[in-house]
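# Structural description and commentary
Now for the letters of each chain:
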Amino acid sequence: MTTIKDALTQQGCDASLIDVIQRILSASKDISFRLQQGALAGVLGSTEDENVQGETQKKLDVISNDLLKDALKQSPYVHGIASEEEDFAVPGNDGGQYLVTYDPLDGSSNIDINVSVGTIFSIMNTTGNSDLGEDFLQAGSNQVAAGYVLYGPSSILVITTGQGVSMWTLDHTIGEYVLTNAKVQIPEQTKEFAINMSNQRFWAEPVQNYVADLLAGEEGPIGKRFNMRWVAAMVAEVHRILTRGGIFMYPWDSREPNKPGKLRLMYEGNPMAFLVEQAGGLCCTDKERMLDVQPTEIHQRVPVFLGSKEEVERAASYHNS
Ligand code: AHG
Ligand code: MN
Ligand code: MN
Ligand code: MN
């Protein structure tokens, strides 16, 4: 049986990077177990607190964040951590080489209704900048590894170190991720889109026009009948797209005109962009390739368009015309 360690070694990862990834995976197994226990473990529901994004934290947002933080801070190879649930960058070890960003629990509004959620992570090298917050402000093209764990009917790890994308299913009987797809490839064309349609009246004109043409079906300019899905967890949407194609969009909208979007660049946009590109798809903002965006702050938000190549190119063309 191929182990994660074997696969990462074959991809040329050194022992320190493998250690960091394995810490993330062991925390993910713990998160998976607590999610399965649900109400039995008393972990459902919300806390009294808000995170730096202005969202009420679920109990499991906080528990998952702490599990990942504790696992990573103990690694001699982790220089610092940035998380959706932490106001500021958290120092690790001075001698550590890696910066880790993560969304400990993505789609957390799904927790209390027993629907899929996930953990997203991204790993970069430190630049040596003595200001840890600034050290993190690197374009996504600098990522050395990224991935997510989808907690659905199965818990599934999807990971890249820049040499394609592999999928691993958690075998609870042995407590290990087992390789179930060695080479994930996104179909270039699709007839499925994902966007929160309830925000339609708030979108900018290019998105209004593109989605109107998707909805026009065979008679419209695209000439295809599209289906729509919305799980409200980016991990689950990206997993569907990696499995059978599609386009996922979370565009800028005028509900919060001064924010460029809802999703966060460093622990949602960039890791998903790395995975999607490595699987033959595309990921961009409304202006540029996601992995080229130069971040200005850790919690920066971005518009996101990702998925099957032909459809993301089409969505981008509505912004360029
Ligand atoms: P998080 O739970 O980490 O804050 O992320 C939620 C995000 C993303 O996963 C999902 O695509 C989107 O929010 C759902 O947004 P809506 O509330 O508009 O459905
Ligand atoms: Mn959140
Ligand atoms: Mn999220
Ligand atoms: Mn989250």
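Worth saying up front: this structure is predicted, and the values here are computed from it rather than measured. (Residues numbered from 1 in each chain as written. Chains lettered and ligands numbered in written order. Predicted model: local features only at pLDDT ≥ 70, side-chain atom pairs only at ≥ 80, totals over all residues.)

## A look at the UniProt feature "binding site: Mg(2+) 2" (unreviewed entry) in the chain
So the rule is basically this: UniProt positions are given in the numbering used here, feature names are shortened, and annotations may be inferred rather than shown by experiment. Elements are defined by DSSP. Helices are runs of H or I of four residues or more, strands are runs of E of two residues or more, and each kind is numbered from the N terminus. Residue pairs qualify as contacts under a 7 Å threshold applied to their C-beta atoms, which are placed from the backbone.
In the numbering adopted here, UniProt assigns the feature "binding site: Mg(2+) 2" (unreviewed entry) to D103, D106 and E268. Across 166 residues, the annotated set stays spatially compact, with a maximum C-alpha separation of 8.7 Å. In this structure, D103 sits in strand 5 (residues 98-106). Look past the residues within four positions of D103 in its chain and what remains in contact with it is E84, T119, I120, Y267 and E268.

## Notes on helix 6 (residues 234-244)
For the record, the criterion: Residue burial here comes from a neighbour count, namely the number of other C-beta atoms, placed from the backbone, that lie within 10 Å of the residue's own C-beta, with 20 or more meaning buried, 12 or fewer meaning exposed, and in between meaning partly exposed.
For helix 6, the tally of buried residues reaches 8 of 11 residues, placing the bulk of the element in the interior. Burial in helix 6 covers these residues: M234, V235, A236, E237, V238, H239, I241 and L242. Positive phi appears at G245, one or two residues downstream of helix 6, with a value of about 85°.

## A short note on the UniProt feature "domain: Fructose-1-6-bisphosphatase class 1 C-terminal" (unreviewed entry) in the chain
Within the UniProt annotation, "domain: Fructose-1-6-bisphosphatase class 1 C-terminal" (unreviewed entry) is assigned to residues 186-319. Regarding residues 186-319, the helix share stands at 35% and the strand share at 15%, and the terminal C-alpha atoms are separated by 23 Å.

## Notes on the site of ligand 1
The line we're drawing: Should the C-beta atom of a residue, placed from the backbone, lie within 6 Å of a molecule or strand, that residue is near it. Throughout this entry, Asp, Glu, Lys and Arg are counted as charged residues, while Ala, Val, Leu, Ile, Met, Phe, Trp, Tyr, Cys and Pro are counted as nonpolar. The remaining residues, Gly among them, count as polar. For the purposes of this description, domain bounds are those given by an automatic or database domain assignment.
If you check the shell around ligand 1, you find E55, E84, D103, D106, G107, S108, N196, A232, A233, M234, Y250 and K262 and nothing else. Taken together, the residues of the shell around ligand 1 sort by class into 4 nonpolar, 3 polar and 5 charged. Here the shell around ligand 1 spans two domains, since at least three of its residues come from each of domain 1 (4-181) and domain 2 (192-320).

## A few points about the sheet that holds strand 8 (residues 155-160)
Where we set the bar: Pairing between strands requires that DSSP locate at least two bridges from one strand to the other. Comment: axis = line fitted to C-alpha atoms, over the contacting stretch for helices; angle = value between 0 and 180 degrees taken between N-to-C directions.
Sheet architecture is open: 8 strands sit in the order 4-3-5-6-7-8-9-10, paired in mixed fashion. Sheet topology places strand 4 (90-91) and strand 10 (176-181) at the edges, where each strand pairs with a single neighbour. Here strand 7 (residues 145-151) runs beside strand 8; their pairing, made up of 6 bridges, is antiparallel. Bridging from a neighbouring strand, L150 pairs with I156 of strand 8. Its contacts with the sheet put helix 6 on strand 5, strand 6 (117-125), strand 7, strand 8 and strand 9 (165-171), and the angle it makes with strand 7 is roughly 105°.

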